Amino acid sequence: MSIRAVIFDLDGVIVSTDEYHFHAWKMIADREGIPFDRTTNEALRGVSRMESLEIILRKATRAYSPGEKKELAEQKNNFYRESLNDLTPGEILPGVLDVLASLKARGIKVAIGSSSRNAKAILSKIGLDKSFDEIVDGTDISRSKPDPEVFSLGAERLGISPEECLVVEDAEAGIDAALAAGMRALGVGSAAQYPKSHYAYPDLEATPLDEILNREATTD
Ligand code: BG6
Ligand code: MG
């Protein structure tokens, strides 16, 4: 079935803000004396802010009240937002601009499907706020990846059926969400090692997009 829309995750696919998330959580975890490293961080990819905090707190030696959790999440977000001040178009990941241009040239719709509530601010910072036909983010959804909600809503807004959508993700939870939505899935970065991805490459620069689109067009 031909691909008529590509839905991109944002953090870690379009821009290197996944690293900013890691450093912001690391600061909170270190201050609280909670072990947190890059391995644990993998489980936070694609997951909402509050769910990310819950995952980090699994290694805490004491219980945190709902009020304390709210405060920690707020502090993390403030720190994260501060680090976004330094964000420039230079942080756009390799291959992204070429892929967007070539999809546009082929008449394929492009959308963002992100769990982040900061997605629109980030897209403005990197100059891509006008580059997508639809932006679905953490402010639009009530269930985060691996739930398919963000991608299903994206397809619905684009008016394109799920089987004609290709999702690009760096999170295992994001690949699971795409599959649950009935879409095709391309894993990049961390998700390039995930066996459930239909296609997997280190980044978009290394992805033979035309080949993938042509192959999809010749299968049922
Ligand atoms: C996702 C990130 O894109 O957004 C997660 O992969 C993050 O790590 C989630 O927790 C929510 O982001 P925000 O910006 O709303 O805290
Ligand atoms: Mg991501």
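The preceding data block contains the structure.
Below is a short write-up of the structure. (Residues numbered from 1 in each chain as written. Chains lettered and ligands numbered in written order. Predicted model: local features only at pLDDT ≥ 70, side-chain atom pairs only at ≥ 80, totals over all residues. Heavy atoms only, no water.)

**Regarding the site of ligand 1**
Working step 1: In the vicinity of ligand 1 there are 16 residues, among which Asp-11, Val-47, Ser-116, Arg-117 and Asn-118 approach most closely.
Working step 2: Contact between ligand 1 and Ser-116: an oxygen atom at 2.7 Å from a side-chain N or O atom of the residue.
Working step 3: Alone, ligand 1 offers 390 Å² of accessible surface; in the complex the protein occludes 97% of this.
Working step 4: In this structure the site holding ligand 1 corresponds to the largest pocket.
Working step 5: If you list the elements that add at least two residues to the shell around ligand 1, you get α3 (49-57) and α4 (66-84). (Near = heavy atom within 4 Å. Polar contact = N/O pair within 3.5 Å; in protein donor to acceptor, adjacent residues only side chain to side chain. Areas by Shrake-Rupley, 256 points an atom, 1.4 Å probe, with all protein chains shown as cover. 1 Å grid on protein atoms, 1.4 Å probe; cavity = no way out; pocket = protein on both sides within 12 Å on 5 of 7 lines; lining within 4 Å. Sits in = over half its atoms within 2 Å of the grid points. Helix = DSSP H or I, 4+ residues; strand = E, 2+ residues; numbered from the N terminus.)

**Topic: the layout of surface pockets**
Working step 1: Within this model, the largest pocket holds a volume of roughly 520 Å³.
Working step 2: Considering the residues around the largest pocket, the lining is formed by 30 residues, among which Val-47, Ser-48, Arg-49, Ser-115 and Ser-116 are closest to the centre.
Working step 3: At the level of elements, α1 (17-32), α3 and α4 are the ones that each hand at least two residues to the lining of the largest pocket.
Working step 4: Shared between two domains, the lining of the largest pocket holds at least three residues of each, these being domain 1 (5-16 + 90-217) and domain 2 (18-86). (Points joined across faces, edges and corners; volume = space filled by probe spheres on them. Domains from an automatic or database assignment.)

**Some remarks on the pairing of strand β1 (residues 5-8)**
Working step 1: Of the two faces of β1, the one lined by Ala-5 and Ile-7 and the one lined by Val-6 and Phe-8 are each fully buried.
Working step 2: Note that β1 and strand β2 (residues 109-113) share four bridges and pair parallel. Along β2, the bridge assignment pairs Phe-8 with Ile-112.
Working step 3: Pairing of β1 with strand β4 (residues 165-169), which is carried by four bridges, proceeds in the parallel orientation. Counterpart to Phe-8 in the pairing with β4 is Val-168. (Buried < 20%, exposed > 50% of the residue type's maximum accessible area, 1.4 Å probe, protein only. Pairing = 2+ DSSP bridges.)

**Some points on the coordination of the magnesium ion (ligand 2)**
Working step 1: For the magnesium ion (ligand 2), the protein coordination sphere consists of Asp-9 (OD), Asp-11 (O) and Asp-170 (OD), at 2.0 to 2.2 Å.
Working step 2: Read from N- to C-terminus, the donor residues coordinating the magnesium ion (ligand 2) fall into the pattern D-x1-D-x158-D. Of this pair, Asp-11 sits in the loop between β1 and α1 while Asp-170 sits in the loop between β4 and α8 (172-180), and the two are 159 residues apart along the sequence.
Working step 3: For Asp-170, a relative accessible area of 2% corresponds to the buried category. (Donors = N, O, S within 2.8 Å, 3.2 Å for Na, K, Ca; no water.)

**Topic: the pattern of salt bridges**
Working step 1: Applying the stated criterion to the full structure yields 21 salt bridges.
Working step 2: In this structure, Glu-164 and Arg-4 form a salt bridge, with 3.2 Å as the shortest nitrogen-oxygen distance. Here Glu-164 is found in the loop between α7 (149-158) and β4, whereas its partner Arg-4 is found in the segment before β1, with 160 residues between them in sequence.
Working step 3: On the basis of relative accessibility, which here comes to 40%, the residue Arg-4 falls in the partly exposed class.
Working step 4: Here Asp-9 makes a salt bridge to Lys-145, at a shortest N to O gap of 3.0 Å. Taken together, the residues Asp-9 in the loop between β1 and α1 and Lys-145 in the loop between β3 (134-136) and α7 connect sequence positions 136 residues apart.
Working step 5: According to the relative accessible area criterion, Asp-9 is buried, its value standing at 5%.
Working step 6: You can call Lys-145 buried: its relative accessible area is 1%. (Salt bridge = Lys/Arg side-chain N within 4 Å of Asp/Glu carboxyl O.)

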